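An overview of the molecular structure
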Amino acid sequence: MSRLAVVSGGGTGIGRSTAGMLAGEGYDVIIVGRRADVLADAVKWIGPQATAVTADVADPTQIPAVVEAVGARPLDVLVNNAGAYVPSADSPPGADSTLDRVAEHWRANFDSNVLTAVLLTTALLPSLRRPGGRIILTSSIAAQKGGCGPYSAAKAALHGYALDLAVDLGDEGVTVNVISPGYVTDSEFFADRMTPEGHQTRVDATLLKRPGEPQDIAEAVRWLTGPGGAYVTAQIINVNGGSVLGR
Ligand SMILES: NC(=O)c1ccc[n+]([C@@H]2O[C@H](COP(=O)([O-])OP(=O)(O)OC[C@H]3O[C@@H](n4cnc5c(N)ncnc54)[C@H](OP(=O)(O)O)[C@@H]3O)[C@@H](O)[C@H]2O)c1
């Protein structure tokens, strides 16, 4: 039987590219997201090894649908990729900011970027192959550089979570790593927020003078989930074209 992978947020962008890469490596891939139509298109794009589960992985009541899809099979790879920058309801920030709005803004970003990974990982831990399972969490250059308020803080929180998880699972032969992408185009991440100037500023900030593409991140997942990643755990892997130097 093929090896099995779960990719949250596998319907678009980095997650879809990662799911496609894993299918190409021979995995059966379960992609998870909130929009059934988007997932259905992605399943067509990825091919017959993909199946979809429609679920909000920040909602504890919707996680069992993913656990059910995995069933009794050992899970080889879990890619926690679902996440988003959730803008403040009262943009520009601080204009009319009550504490309730601040709390709502921070909770939304922590739900979207931390709870998504914590809940899905917790629910799927019993299924992970031991030894040999691989867990990946998707952070952001914002965790290192700041600039995105509660989104930066939420992504940084993932680092601490991942390190604890790696410590807990090391002696069971399961690796846990964080991939921290820089600016990546060809995804829905920036929605309608990106301007030509914003794009150019981000490209200029790289040493390689180009934006990242979803496949650049998928290639890091390929390495971490393949034989080359066997001895790598508890690491933050930066894939950012050199826009943050060496940390
Ligand atoms: N693009 C960049 O420049 C960049 C840079 C650094 C880090 N990242 C991180 O990379 C990851 C992938 O981003 P992307 O660029 O590929 O953007 P994207 O196209 O917006 O992908 C995010 C995916 O996650 C899904 N998702 C979001 N919240 C979810 C939830 N609660 N439950 C289930 N699925 C959820 C979305 O689908 P639904 O809306 O249908 O649920 C979407 O398919 C994110 O964690 C993002 O923070 C991106």
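Described below are features of the structure shown in this document. (Residues numbered from 1 in each chain as written. Predicted model: local features only at pLDDT ≥ 70, side-chain atom pairs only at ≥ 80, totals over all residues. Heavy atoms only, no water.)

**Section: the sheet that holds strand 1 (residues 4-8)**
- Ordered in space as 3-2-1-4-5-6-7, the 7 strands form an open sheet in which the pairing is parallel. For this open sheet the edge positions go to strand 3 (50-54) and strand 7 (236-239), each flanked by a neighbour on one side alone. In this sheet, neighbouring strand axes are inclined to one another by 20° on average, regardless of whether the strands run parallel or antiparallel.
- The sheet contact formed by strand 4 (residues 77-80) and strand 5 (residues 134-138) spans 4 bridges and is parallel. Paired with V79 across the bridge in strand 5 is I136.
- Most of the contacts of helix 4 (residues 99-124) go to strand 4, to which it runs at about 165°, and overall it touches strand 1, strand 4 and strand 5.
- Taken strand by strand, helix 8 (residues 214-225) contacts strand 4, strand 5, strand 6 (175-181) and strand 7, and its axis lies near 165° from that of strand 6. (Pairing = 2+ DSSP bridges. Helix = DSSP H or I, 4+ residues; strand = E, 2+ residues; numbered from the N terminus. Axes fitted to C-alpha atoms, helices over the stretch in contact; angles between N-to-C directions. Contact = heavy atoms within 4.5 Å.)

**Notes on the site of the ligand**
- Taken together, 28 residues lie near the ligand, and T12, R34, R35, Y151 and S187 sit nearest.
- For the ligand, an oxygen atom lies 2.7 Å from a polar atom in the side chain of R34.
- Within the side chain of Y151, one N or O atom sits 2.7 Å away from an oxygen atom of the ligand.
- Coverage of the ligand by the protein chains reaches 95% of its 870 Å² of free accessible surface.
- For the shell around the ligand, the secondary-structure elements that each account for two or more residues are helix 1 (13-24) and helix 6 (150-169).
- The residue makeup of the shell around the ligand, split by class, is 11 nonpolar, 12 polar and 5 charged. (Near = heavy atom within 4 Å. Polar contact = N/O pair within 3.5 Å; in protein donor to acceptor, adjacent residues only side chain to side chain. Areas by Shrake-Rupley, 256 points an atom, 1.4 Å probe, with all protein chains shown as cover. Nonpolar A, V, L, I, M, F, W, Y, C, P; charged D, E, K, R; others polar.)

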